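Inside the fold
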Amino acid sequence: MILHRAAWVVPIAGPVLRDGWVGVEAGRIVALGPSASGGVEAAPPFEQGPHAILPALVNAHTHLELSYMRGLVPPAASFDAWVRALISLRATNPDPLADGIVHAIRNAIGEARAAGTGVLGDISNTLVPAGMLHDLGMPAHVFHEMLGFKVTAGCEMVTAARRRIDDVAQRAPAVRISLAPHAPYSVSPALLTSIAEAMPDAITSMHLGESPEEVHFLLHGGGPIQAALESFGVWNPSWTPPRCGPVEYVEKFGLLSERLLAVHGVQLSYRELAQLSFANATLVTCPRSNRWVGVGNPPVEQFYASGVRVAIGTDSLASVEDLNLFAEMAEIRALGPKIPARSILESATRLGAEALGFGDDYGTIEPGKRAALIAVRVPEGMDDVEEYLLSGIGPEDVRWLTEA
Ligand SMILES: [Zn+2]
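From a predicted model like this one, the values you see are computed outputs, not experimental measurements. (Residues numbered from 1 in each chain as written. Predicted model: local features only at pLDDT ≥ 70, side-chain atom pairs only at ≥ 80, totals over all residues. Heavy atoms only, no water.)

Considering the sheet that holds strand β1 (residues 2-9)
One open sheet holds the six strands; their spatial order is β3-β2-β1-β4-β13-β14, and the pairing between them is mixed. Pairing within the sheet leaves two strands with one partner each, and these edge strands are β3 (28-34) and β14 (398-400). Averaged over neighbouring strand pairs, the angle between their axes works out to 35 degrees when direction is ignored. (Pairing = 2+ DSSP bridges. Helix = DSSP H or I, 4+ residues; strand = E, 2+ residues; numbered from the N terminus. Axes fitted to C-alpha atoms, helices over the stretch in contact; angles between N-to-C directions.)

Okay, structure coming up:
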């Protein structure tokens, strides 16, 4: 058995342990405790000063295939402006296997790992990142994203997508893949129905309640979203607005369940958050991205007060500086000073792991789970380690512990 000792152990599943230890055998956690237990005095302490051991973080929302856009899509005053900039940039890079794109994905996975992330939830149109996640040993659930506002026969699209998934799954067995609709304004009712029917037991993810324009479009139609769909040639003139909010809209298609990761939720009312909570769905918040794309700050204190399960994502490098989940936690702390530190840490670990279907192996330090552990350097004499972990930890202060 390997013993990892540190000034602090943050198990997430229980209270913080002062001068704690974690025992690891054959890649699994076998025991943990405070210094007075377990006769571990012989285990060497960290040489570079005090550390906190915690479970690997879970980034529940990325788009790795957009990593090459880092720094190329500037922060925008409105969602419409940001989307148009992204789409025109993507149109000039049609080959998803271009060297620059593949290289950027590989770097992004490496960077996320260096900053302590051990599980990813990735949205992908091309499925190119799936094989790379497998090759690089990064556990992940990949959501194969579908778009098509003009689609009237969703079955064919879904059948083709499932064939692509089966093909990639053979080459990347370590990565789990399911279908995911992009957003209420970019997927037709017919396509949404087909997606919901195709994988009734699979987890899925959808951008929901991100911009004020989305809410307006669902309630009244028109506005910048209809104009954008028209200008891209995908507007369907027979579409009528459902006259409801985003949560009620997905409920009509049977998508509101514990298998749903609703991403963003910036515009959701307290009642809609409570609906998500009641359904045991997970809300994935990406506050730095929300500001970048011009949709405003998410009401994070309301998220937590509503009781909804909150996970955390960075979103893509087209709308954030880095894939460091510690930086995202720092943003949540800045926006929500009243949220208990423990709740934010739980979002970045256990709740993300559970939402992505990795809860049995990741997300907490408990006997039986995978020994995916990181150690974060902390200052001498610090007395609130949970709060310190929300202060914006950089990769230079993170290291991975050996698993076996
Ligand atoms: Zn996204």
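Description of the environment of Pro96
Relative to the elements of secondary structure, Pro96 occurs in the loop between α1 (79-91) and α2 (99-114). For Pro96, a relative accessible area of 31% translates into the label partly exposed. Once you skip the residues sitting within four places of it in the chain, Pro96 turns out to touch Ile101, Val102, Thr126 and Val128. (Buried < 20%, exposed > 50% of the residue type's maximum accessible area, 1.4 Å probe, protein only. Contact = heavy atoms within 4.5 Å.)

Focus: the packing of helix α6 (residues 212-220) against helix α7 (residues 223-231)
Interhelical geometry of α6 versus α7 gives an angle of 85 degrees and a closest axis separation of 7 Å. With respect to each other, α6 and α7 are oriented roughly perpendicular. Within the contact between the two elements, α6 uses Glu213, Glu214, His216 and Phe217 and α7 uses Gly223, Pro224, Ile225, Gln226 and Leu229. Tallied by class, residues from the contact of α6 with α7 come to four nonpolar, three polar and two charged. (Parallel < 35°, antiparallel > 145°, perpendicular 65-115°, else oblique. Nonpolar A, V, L, I, M, F, W, Y, C, P; charged D, E, K, R; others polar.)

With respect to the nonpolar core
Membership of the largest hydrophobic core comes to 108 residues, with the highest contact counts inside it found for Trp82, Leu133, Leu179, Leu276, Phe326 and Met329. When residues in this core are grouped by element, the largest group, seven residues, is from α2. Those residues in contact with Leu276 that lie beyond four places of it in its chain are Val247, Leu256, Ala262, Leu268, Ala281, Leu283 and Val308. Residues Val58, Ile123, Val263 and Phe358 belong to the second largest nonpolar core, which totals 19 residues. (Core = buried A, V, L, I, M, F, W, Y, C linked by side-chain atoms within 4.5 Å.)

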